[in-house]
Amino acid sequence: MTAPAFTAAPERPATAAVEPRGRRRRRSRAGLVETLALAALPVAWLWSTQSVLGTEWLWPVLLAVVSMGIAAALARAAWSTFAGSAAAAIVGVGWTTALTAADDALIGVIPTPASVAESLRVLTVGVQDIAWAIATPIELEPPVLAVVVVAAVVLAVHVDLIGLALRAPAIAILFAAVPLLLPIAFRVDVPWWHALPGAAVSALALAAPSIDERLALGRPWAGPIGLVAVAALVAVAVPLVAPSPRELDVDLPTLDDLFQPSTPILDASIDLGDELRRPEPQPVFTYATTDGQPTVTRVTTLSQAGPNGFVDVEPQAAEPAVLVEGADAAPLLQMTVRMSDVRAESLPMPERGLDVAAPDGASWDDANDALRVESGVVESGLEYTATGSRSPLLEVLPAGTGSTGHDAWLELPPEAQAIGAQGAALVDEGMSAGARVLAVHGFMTSGVWDYSERLDLPGFAGGGGDGWDALAGFLDTRAGYCVHYASATATLLRGAGVPSRVVIGFLPGAEIAGGRSVTTNDFHAWAEAWVDGAGWVRVETTPGAGTGVASPEGAETTPSPTPSATSAAPTPTPTPSASQTPSASPGASAAPGQPTAAPGPGIVIDWAALRGWLIGLGVLLLLALPMLVRAAQRLLRLRRGAPGAWLELRASLADAGVRLPGSATPGEVQAAIAARAPAGAPAVDRVRLAAERAVFDDGPREPGVLDDDVRRGRRALAEALPPWRRALAALLPPSLFRVVPPLRDE
């Protein structure tokens, strides 16, 4: 025989049915286990991102989350549950200000209008650094660390508000688990021990209400703890059997798909151990030349061979007569540049700049042959004119000349000596500098060399090495992208006795009316060699970047893998661009993975815009999901007659913020509803009596009879709430999720 849904019991006196206000307040709050579990959620799930963010963020995040939890606990003890969430948010704002704009804030933590603007700027830089990152784990520069800590602060406030104030821990867990999307967006594997803390603490948070109640009543709590253990085992097993994100054939959404930085940031440092991450192409600048021909453009020069590759040196302002040595040894051209909406430390110049009418806020950096722009200068719409020249063909370099006066560009660190020895083996004593350049160029362009975006080799990202190890692996496999070709060529040239360096700049771009347009897909790296009588000469060896023996101009020009856009200092991330010719239209190069509409009649769908609408619709549906599920749950309950109607009223009481123990009798529930919403008491009492009678009535249960009474009770409970609390209860109903069944009297 099925146990009755209700236990018939004499009604308690009204004074006993309604507990003292202080006691009910304590019952409506989370217990110790639930409070600690929810407080640990943000850190537990952030732990799953260490493949992307590393672990240097751990202590700052712990300090922020713990201080917020202490402030919330003190505020709840003194005032109310929502005061705790407000206190946590205030402490979180202090952490945000201290990390991003301490100098502009009062005593370093109290926001001011100036600090708010600076905080937004720093956080924007940090988010863009993450979105455009070229390697994992991402280096935690101050803006990136600030973003991670602020993300933890936001998660902690949401978990506190939803889990502790609104008493909906399952929904709080959905917010706390958002960091797990980061390694998926980067297509990085998540080892099981990275996801284990988040899964285990989430299970504990769901089981915690029952554990706290059982502890208070002195009952066994092994069952809920068993749920936590099962969740931990599942967290261990799923990554072991699930396919790796890197091995999936489907095109997983990346961070670029979800967030496209409105302003690309050109970062010109290179990391030889990185794999390619290709952002969507964005306009960088347009230009026109006096001779009407395309040209490569220089952004900066990496002249020092450091422990891990070529790097720039300390900037040095100067105004030499010739900006780039050798620029006056070839026919001159004038180039007019107009910048798009980008941010960079250096502005594009002719391949070998002679002179420039520098715009306000820009000056020449003679140490790195770069036109540096000061912080705070708005590049968008900036126009200026520069004069310079193109490199000569390698075959027409002056014969019988050497490379004098540039010994500093011959130095190699111990880690690169083996590659330098390879370069020395390519030349003979007595060869001219031009002949040595041709010998190295011939080695780098003869045979089979491939452009590769994925470098699953020793020395590359994920392979346990870095820097010069990666370059040695590149020379063995002959597969890499432009930073490897440029760095290897420059290193071999130094070994062969020719001063050399790496240049970061842009390929010529696509033809437009009156000039050419250059995008982030044209970011590129190449080697330069010093030859007496010719100056610094471009030595192009990247497949697809031109003929290799001449500057990429004319019909030979095709784009190549290039360094890309990413942080506050110009850093190339390799990105191949689509093939271009002088006659190509500005739209001839389609972004990777972006469909192009075929010409002709019919409806043309803008898939990029449609994707944004679909993502927005999906977010709205996700936000509305708890409300929709709660409405469906209500309809199903009302179809069960009086017992279902009573369960619906009890759920509505929970949505109104009143938490009763699972052992509460119908009389206690009815008294609690009457105390909060007296106007609905008669209707609620009719539903209670009908539900109790149904326990002893085996006849059919007619749905709809009590619907009006349920509606009156729900309306009375809702009207007793302030409008903002009523809206939150509708969007995030606390009664919706129950993983551990409530206790019942035996």
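Preceding this paragraph is the structure being described.
These remarks concern the structure in this document. Each residue is numbered by its place in its chain's sequence as written, counting from 1. Two thresholds apply to this predicted model, a pLDDT of at least 70 for residue-level local features and 80 or more for giving and counting side-chain atom pairs, whereas whole-chain, interface and lining totals are computed over all residues. The side-chain numbers reported here are obtained from all heavy atoms of the structure, hydrogens and water having been left aside.

### What about the pairing of strand S18 (residues 515-519)?
Condition: Each residue is placed in one exposure class: buried if its accessible area under a 1.4 Å probe, protein chains only, is under 20% of its type's maximum, exposed if it is over 50%, and partly exposed if it falls in between. Secondary structure elements follow DSSP: runs of H or I no shorter than four residues count as helices, runs of E no shorter than two count as strands, and numbering proceeds from the N terminus. A pair of strands is labelled paired if DSSP reports no fewer than 2 bridges between them.
Counting buried residues in S18 gives four out of five residues, a clear majority hidden from the surface. Sheet topology note: the strand S2 (residues 283-289)/S18 ladder contains four bridges and is antiparallel. Looking at S18, one finds that Phe285 is bridged to Val518. In this sheet, S18 lies alongside strand S17 (residues 510-512) in antiparallel orientation, the contact comprising three bridges. Paired with Ile512 across the strands is Gly515, a residue of S18. In this structure, the hairpin formed by S17 and S18 is closed by a connection of two residues, where Gly514 is found at a positive phi of approximately 85°.

### Describing the pairing of strand S6 (residues 332-339)
Side chains Leu333, Met335, Val337 and Met339 of S6 all project onto a buried face; the interleaved residues Leu332, Gln334, Thr336 and Arg338 project onto a face where none is buried. Direction of pairing for S2 relative to S6: antiparallel, over a ladder of five bridges. Each bridged residue has a counterpart across the sheet, and for Thr286 the counterpart in S6 is Arg338. Judged from the seven bridges that link them, S6 and strand S13 (residues 383-389) form a sheet pairing that is antiparallel. By the bridge assignment for S13, Leu332 is matched with Ser389.

### Structural notes on the sheet that holds strand S3 (residues 297-302)
Stated formally: The criterion used for residue contact is that any of the two residues' heavy atoms lie within 4.5 Å. Think of each axis as a best-fit line through the C-alpha atoms, taken over the contacting stretch in the case of a helix, with angles from 0 to 180 degrees between the N-to-C directions.
Judged by pairing direction, the sheet is antiparallel, and its five strands sit side by side in the order S9-S3-S16-S19-S20 without closing on themselves. Each edge of the open sheet carries a strand with a single partner, namely strand S9 (349-350) and strand S20 (535-539). Bridging between S3 and S9 involves two bridges; their strand directions are antiparallel. Following the sheet pairing, Arg298 is matched in S9 by Met349. This element, helix H17 (residues 482-495), spans strand S16 (500-506), strand S19 (523-531) and S20 of the sheet and lies at about 10° to S19.

### Description of the packing of helix H6 (residues 81-100) against helix H8 (residues 142-165)
How two helices pack is summed up by the angle between their axes together with the distance between the axes. Put simply, the rule reads: Orientation categories follow fixed angle ranges, with anything under 35 degrees roughly parallel, anything over 145 roughly antiparallel, 65 to 115 roughly perpendicular, and all other angles oblique. Amino acid classes used here: Ala, Val, Leu, Ile, Met, Phe, Trp, Tyr, Cys and Pro are nonpolar; Asp, Glu, Lys and Arg are charged; the rest, including Gly, are polar.
Where H6 meets H8, the closest approach of the two axes is 9 Å, and the angle between their N-to-C directions is 175°. The orientation of H6 relative to H8 falls into the category roughly antiparallel. Mapping the contact onto sequence places Thr81, Phe82, Gly84, Ser85, Ala88, Ala89, Gly92, Trp95, Thr96, Leu99 and Thr100 in H6 and Ala146, Val149, Val150, Val153, Val157, Asp160, Leu161 and Ala165 in H8. Taken together, the residues of the contact of H6 with H8 break down into twelve nonpolar, six polar and one charged.

### Some remarks on the sheet that holds strand S8 (residues 346-347)
On the basis of which strands lie adjacent, the open sheet formed by three strands has the order S8-S12-S11 and antiparallel pairing. Each of the sheet's edge strands pairs with one partner strand only, and the pair in question is S8 and strand S11 (362-365).

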